[in-house]
Amino acid sequence: MKSSSDLFKRAKKVISGGVNSPVRAFRAVDSNPLFISRAKGSKIYDVEEREYIDYVCSWGPMILGHSNELILKKVEKAMHNGLSFGAPVEAEVQIAEMIVSMVPGVEMVRMVNSGTEAVMSAVRLARGFTKRDKIIKFEGCYHGHSDSMLVKAGSGVLTAGIPDSLGVPRNLAGDTLTAVYNNISSVQRLFEENKNQIAAVIIEPVAANMGVIPPEEGFLKELSCICRQNSSLLIFDEVITGFRLGAGGAQEYFGVEADIVTFGKIIGGGMPVGAYAGRKEIMEYVAPCGGVYQAGTLSGNPVAMAAGLAQLEILNSSPGIYEDINKKAEVLGSGLEKIVQKHKVPVTLNRVGSLLCMFFSQNPVTNYQEAKQSNTKYYAAFFKSMLSKGIYLAPSQFEAMFVSTAHTYEDIDATLKAVEESLAENIALMEEL
Ligand code: HOZ
């Protein structure tokens, strides 16, 4: 039988760090990655046939669980008609119509291949539309790895402790200004210091790449007001929150409209897809209508569109689906709270809908600096205990836990039992750290 450790040894010889995306190298949890062979429902299986309850869910898109039969059927059908044409297909129109019907304020959509590409293009569009160069982002928010966004970013950048990536031209990074999440005066100050120069403010409406941090009451509304007052655009990066917090994503959930919205993996149902979307007057700046250039042979790929469309159709047409998933996350969250209180473990639990994070910190976590106070060594110990009990969590303190419709209440009970045991096992260690 193949083993993860043998595969990792081979991988390290031919792939930088042995992985194609840094967080999955498991360095932050002082372990070696599992190589996954298959997944079904709420479970994933490694190449050694061990089963795990999966709370990574491919970093969000598997909201219906793994290998959903309906999606697989649609993919299979599309696949037999051809894998790629580099020409328009009907499914692109259908998915765009579906997104327009589900997401508030969206009149037009452009499909791309990943969240990184969606944000990179959305930022270019905002710059082209406003004829301004500067962008405000928030410390700890992660918007993919395009040059302009790799400034005080979250996710793997935060996990690896690389606040500003090598290779990003200084001039370009200089046009990315950073504000403090949940701190409106830090945004106000940047607008005052850069009058008529800010093209857009980009934000994860729920920060989900420095752990999970909800926006404080009124924060997103104030942000939208400041943008409007300054004729700047508001970009919601909904790669994580889109079609997860509800059919209309964060805009609907918080009742705040953005000018441009970006989506990622979830609209591909597990296939590599992204999109940016917004009002017609803005979207028509994109070529061939307008002068903002963006293109891609695989954009709107027929197989990826079939998967994404099938997933969105299910999400859109299943009454009670979001209530169900949020209820499960609530049961999980309140169970976790009870256990940490019982063991007097310094953990702060943040939850928004079906996104959760256990911060190993006794203080509230409302921004990047506070998230960074978490005890990552303790998270690593906890992660390893949980993995040994068949629970697959994100291999970093600074990522989210995702609940899917495929998680059952039995899964949640088993998870809580594993949490109880893992915390009990690590109490002594935690006191030492
Ligand atoms: N940056 C991703 C999570 N926020 C991880 C991507 C991956 O390793 O697949």
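Residues numbered from 1 in each chain as written. Predicted model: local features only at pLDDT ≥ 70, side-chain atom pairs only at ≥ 80, totals over all residues. Heavy atoms only, no water.

Student: Explain the overall build of the protein to me, please; I cannot follow it from the model alone.
Tutor: Along the protein, the regular secondary structure elements total 15 helices and 14 strands. The C-alpha radius of gyration of the protein comes to 21 Å, within 12% of the 22 Å expected for a compact globule of 433 residues. Along the longest, intermediate and shortest principal axes, the C-alpha atoms of the protein span 60 × 55 × 45 Å. Per-residue burial for the protein yields a buried fraction of 58% across its 433 residues. A separation of at least 24 residues holds for 71% of the contacts in the protein among residues at least 6 apart in sequence. Accessible surface computed for the protein: about 18,500 Å², of which carbon and sulfur atoms make up 51%. For the protein, the separation between the mean place of its 42 positive charges and that of its 47 negative charges on side chains is 4 Å. (Helix = DSSP H or I, 4+ residues; strand = E, 2+ residues; numbered from the N terminus. Rg over C-alpha atoms; globule rule 2.2 N^0.38 Å. Buried < 20%, exposed > 50% of the residue type's maximum accessible area, 1.4 Å probe, protein only. Contact = heavy atoms within 4.5 Å. Areas by Shrake-Rupley, 256 points an atom, 1.4 Å probe, with all protein chains shown as cover. Lys, Arg positive; Asp, Glu negative; His and termini not counted. Charge placed at Lys NZ, Arg CZ, Asp CG, Glu CD.)

Student: Teacher, can you tell me more about the site of the ligand here?
Tutor: The full set of residues close to the ligand is Ser-21, Arg-24, Trp-59, Ser-155, Asn-209 and Glu-399. A distance of 3.0 Å is found between an oxygen atom of the ligand and a side-chain nitrogen or oxygen belonging to Trp-59. Asn-209 has a polar side-chain atom sitting 2.7 Å from a nitrogen atom of the ligand. Out of a free accessible area of 290 Å², the ligand has 87% covered by protein chains. Broken down by class, the residue content of the shell around the ligand amounts to one nonpolar, three polar and two charged. (Near = heavy atom within 4 Å. Polar contact = N/O pair within 3.5 Å; in protein donor to acceptor, adjacent residues only side chain to side chain. Nonpolar A, V, L, I, M, F, W, Y, C, P; charged D, E, K, R; others polar.)

Student: I tried to follow the sheet that holds strand 5 (residues 134-138) on my own but got confused; where do I start?
Tutor: For sheets, the rule is that strands pair by backbone hydrogen bonds, running either parallel or antiparallel. Reading across from one edge, 4-10-9-8-7-5-6 is the order of the seven strands in this open sheet, with mixed pairing throughout. Edge positions in the open sheet fall to strand 4 (108-112) and strand 6 (176-179), since each of these has one partner strand only. With strand direction ignored, the average angle separating the axes of adjacent strands in the sheet is 20°. With three bridges connecting them, strand 8 (residues 233-237) and strand 9 (residues 260-263) associate as parallel partners. Note on strand 9: the bridge partner recorded for Asp-237 is Thr-262. Packing of helix 4 (residues 115-130) onto the sheet brings it into contact with strand 4, strand 5, strand 7 (198-203), strand 8, strand 9 and strand 10 (274-278), and relative to strand 9 it is tilted by some 165°. (Pairing = 2+ DSSP bridges. Axes fitted to C-alpha atoms, helices over the stretch in contact; angles between N-to-C directions.)

Student: Would you mind going over the environment of Ala-258 with me for this structure?
Tutor: Note that Ala-258 resides in the loop between helix 9 (249-254) and strand 9. Spatially, the C-alpha atom of Ala-258 lies 5.2 Å from that of Leu-234, the residues being 24 residues apart in sequence. Residues within four places of Ala-258 in sequence aside, it is in contact with Leu-234, Phe-236 and Gln-251.

Student: So what exactly am I meant to see when it comes to the sheet that holds strand 3 (residues 51-54) here?
Tutor: The mixed open sheet is built from four strands, whose spatial order is 1-2-3-13. Each edge of the open sheet is held by one strand with a lone partner, namely strand 1 (36-40) and strand 13 (391-392). As paired elements, strand 3 and strand 13 share two bridges and run parallel to each other. Residue Asp-54 lies in a different strand from strand 13, and its bridge partner there is Tyr-392.

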